[in-house]
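A structural walkthrough
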Amino acid sequence: MAEDRLHTSTVAIHAGRGPRSHGAPLNPPLSLSSNFYGSDYAREQGSPTWVAFEEAIGTLEGGMSVAFASGIAATTAIIETLPARARVVGPAAGYAWTRSLLSERASAGRITLDEVDTCDTEATLRAATGADLLWLENPSNPLVAIAELDRICAALRDEPVRIAVDSTFATPLLQRPLEFGADFAMHSASKFIGGHSDLLLGVVSTRDRASAQKLRHVRAQLGATPGALESWLALRGLRTMPLRVEAAQRSALILAQRLSAHPAVSAVHYAGLPEDPGHEAASRFMDGYGAMLSFELHGGAEHAEDVCANVRVFINAKSLGGVESLIDRRARHSGSSAPSSLIRISVGCENVEDLWNDLRTALEKETK
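Conventions and cut-offs
- Residues numbered from 1 in each chain as written.
- Predicted model: local features only at pLDDT ≥ 70, side-chain atom pairs only at ≥ 80, totals over all residues.
- Heavy atoms only, no water.
- Pairing = 2+ DSSP bridges.
- Helix = DSSP H or I, 4+ residues; strand = E, 2+ residues; numbered from the N terminus.
- Contact = heavy atoms within 4.5 Å.
- Axes fitted to C-alpha atoms, helices over the stretch in contact; angles between N-to-C directions.
- Buried < 20%, exposed > 50% of the residue type's maximum accessible area, 1.4 Å probe, protein only.
- Right-handed = clockwise from strand over helix to strand, strands pointing away.
- Left-handed = near helix turned anticlockwise from the far one by under 90°.
- Nonpolar A, V, L, I, M, F, W, Y, C, P; charged D, E, K, R; others polar.
- Phe/Tyr/Trp six-rings, centres within 6.5 Å; stacked < 30°, edge-to-face > 60°.

1. Let's talk about the sheet that holds strand 8 (residues 265-269)
- Read from one edge of the open sheet, 5 strands run 8-9-12-11-10, paired in mixed fashion. Of all strands in the sheet, those with a lone pairing partner are strand 8 and strand 10 (315-316), marking the two edges.
- With 2 bridges joining them, strand 10 and strand 11 (residues 326-330) adopt parallel strand pairing. From the neighbouring strand, N316 faces strand 11, where its bridge partner is I327.
- The sheet contacts of helix 11 (residues 228-260) involve strand 8 and strand 9 (292-297), and relative to strand 9 the element is tilted by about 15°.
- Across the face of the sheet, helix 13 (residues 301-310) comes into contact with strand 9, strand 10, strand 11 and strand 12 (342-346) while running at roughly 165° to strand 11.

This is how it looks when you write it as structure tokens:
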């Protein structure tokens, strides 16, 4: 099958199934063996279930993929491929565990770290000059902000700096960083790829064979190996990801539009809105705006807590990317102790009118 001529939604359904030979299983079987006849050992060479999942993601991303026990394990593996005292440029705002990982590595002298607003393209390019790695998160967590991946990658194409992109919010369906020239595309497959809130898994894709080998070595050395069942579940989840993401982002746009008009809401962060700062960039190089959005309330942190507590269809819980819609209050910046009225939503596959009625009821309880 010529995957390169097929739509990504079709590739997500068919990639990683193995040859279409008579009698072969349609779905890759779950392999629960840790060692194999001869000298192969799963921690070092992988297992058939990992390989099927990696092949599917690699086909979607246009590179080679390496699976890990979690998204943060995948992030750590990229950092571990760097030389000692490497200079890393990271986001000034973004996923808290990535930022704390970079900060701790810098405090220990493993890397040197410069932080930058990665939505400011010119500032990002200046900071990346002479760096070993530029870490981007697109869209960002929790503000769903957009970095200009296409322009950043194009401007740095002839520079020695390597570019890693956390593309979890976008999924490979909406954004494929390797196509822009990024060196690494990372996903927490626990989220939209798995899609059912029942696994922990991470995956990194690259077009450089030597980098893929380094990542596999780090995985074996650190023991950051994925479980066979988790890999099998993620591959199964991948098959329905096109339908889930299409439905969820359609609802996300409707909710963002309605939230923007609600008197209790002071700001909505979603690139699908024409007034959003990231709208032009996302429209230029992404294939959709995704299913994540966040919004802020006039009433402050206590009102945000109450809204999250008063929903009945949404689930007040962490994480994201499942078929169920989740809601939780977030700090605007990781590590900040200042009370925040920011609410992050992961839109799932429920009926959008049920979701809106639930949100509206919770909001209006706080405005009476």
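2. Overview of the pairing of strand 4 (residues 133-137)
- Buried residues dominate strand 4, accounting for 5 of its 5 residues.
- Where strand 4 meets strand 5 (residues 162-166), 5 bridges bridge the pair, whose relative direction is parallel. In the strand pairing of strand 5, L136 is matched with V165.
- Taken together, strand 4, helix 7 (residues 149-155) and strand 5 constitute a β-α-β crossover, and its handedness is right-handed.

3. Concerning the pairing of strand 2 (residues 86-91)
- Along strand 2, 6 of the 6 residues are buried, which leaves the element largely enclosed by surrounding structure.
- Sheet analysis places strand 2 next to strand 3 (residues 111-116), joined by 6 bridges and oriented parallel. Its bridge partner lying in strand 3, R87 is registered against T112.
- Crossover connection from strand 2 via helix 5 (residues 96-107) to parallel strand 3: handedness right-handed.
- Across 2 bridges, strand 2 lies against strand 4 in parallel orientation.

4. So, the packing of helix 4 (residues 71-80) against helix 5
- Between helix 4 and helix 5, whose axes approach to 10 Å, the crossing angle comes to 35°. Where helix 4 crosses over helix 5, the two elements pack in a sense that is right-handed. Listed contacts from helix 5 to I72, T75, T76, I79 and E80 of helix 4 are W97, T98, L101, L102 and R105.
- Its residues assigned to classes, the contact of helix 4 with helix 5 shows 5 nonpolar, 3 polar and 2 charged.

5. Re the sheet that holds strand 2
- What the 7 strands build is an open sheet, ordered 1-7-6-5-4-2-3; its pairing is mixed. Each edge of the open sheet carries a strand with a single partner, namely strand 1 (64-68) and strand 3. Between one strand and the next, the sheet's axes are offset by a mean angle of 20°, whatever the strand orientation.
- Judged from the 4 bridges that link them, strand 6 (residues 184-188) and strand 7 (residues 202-206) form a sheet pairing that is antiparallel. The residue of strand 7 that forms the bridge with M186 is V204.
- Packed on one face of the sheet, helix 10 (residues 209-222) meets strand 1, strand 5, strand 6 and strand 7 and runs near 10° to strand 1.

6. Concerning the packing of aromatic side chains
- Counted under the stated rule, the structure contains 2 aromatic pairs.
- Look at F180 and F285: their rings are 5.5 Å apart centre to centre, the planes differ by 80°, and that puts the pair in the edge-to-face class. One end of the pair, F180, is in helix 9 (residues 177-180); the other, F285, is in helix 12 (residues 279-285), with 105 residues separating them in the sequence.
- Take F285: its relative accessible area is 9%, and that puts it in the buried class.
- Aromatic side chains Y270 and Y289 sit 6.4 Å apart centroid to centroid with 65° between the ring planes, which places their arrangement in the edge-to-face category. Residue Y270 is located in the loop between strand 8 and helix 12, and its partner Y289 is located in the loop between helix 12 and strand 9; the two are separated by 19 residues in the primary sequence.
- The class for Y289 is partly exposed, based on a relative accessible area of 24%.

7. Considerations on unusual backbone geometry
- At the junction of N138 and P139, the peptide bond is cis and its omega measures out at -10° in the coordinates.
- Looking at the element boundaries, P139 is found in the loop between strand 4 and helix 7.
- The amide bond that connects N141 to the next residue, P142, takes the cis arrangement and shows omega of 10°.
- Note that P142 resides in the loop between strand 4 and helix 7.
- You will see that R85, though not glycine, has its phi angle at about 65°, which is positive.
- One can find R85 in the loop between helix 4 and strand 2.

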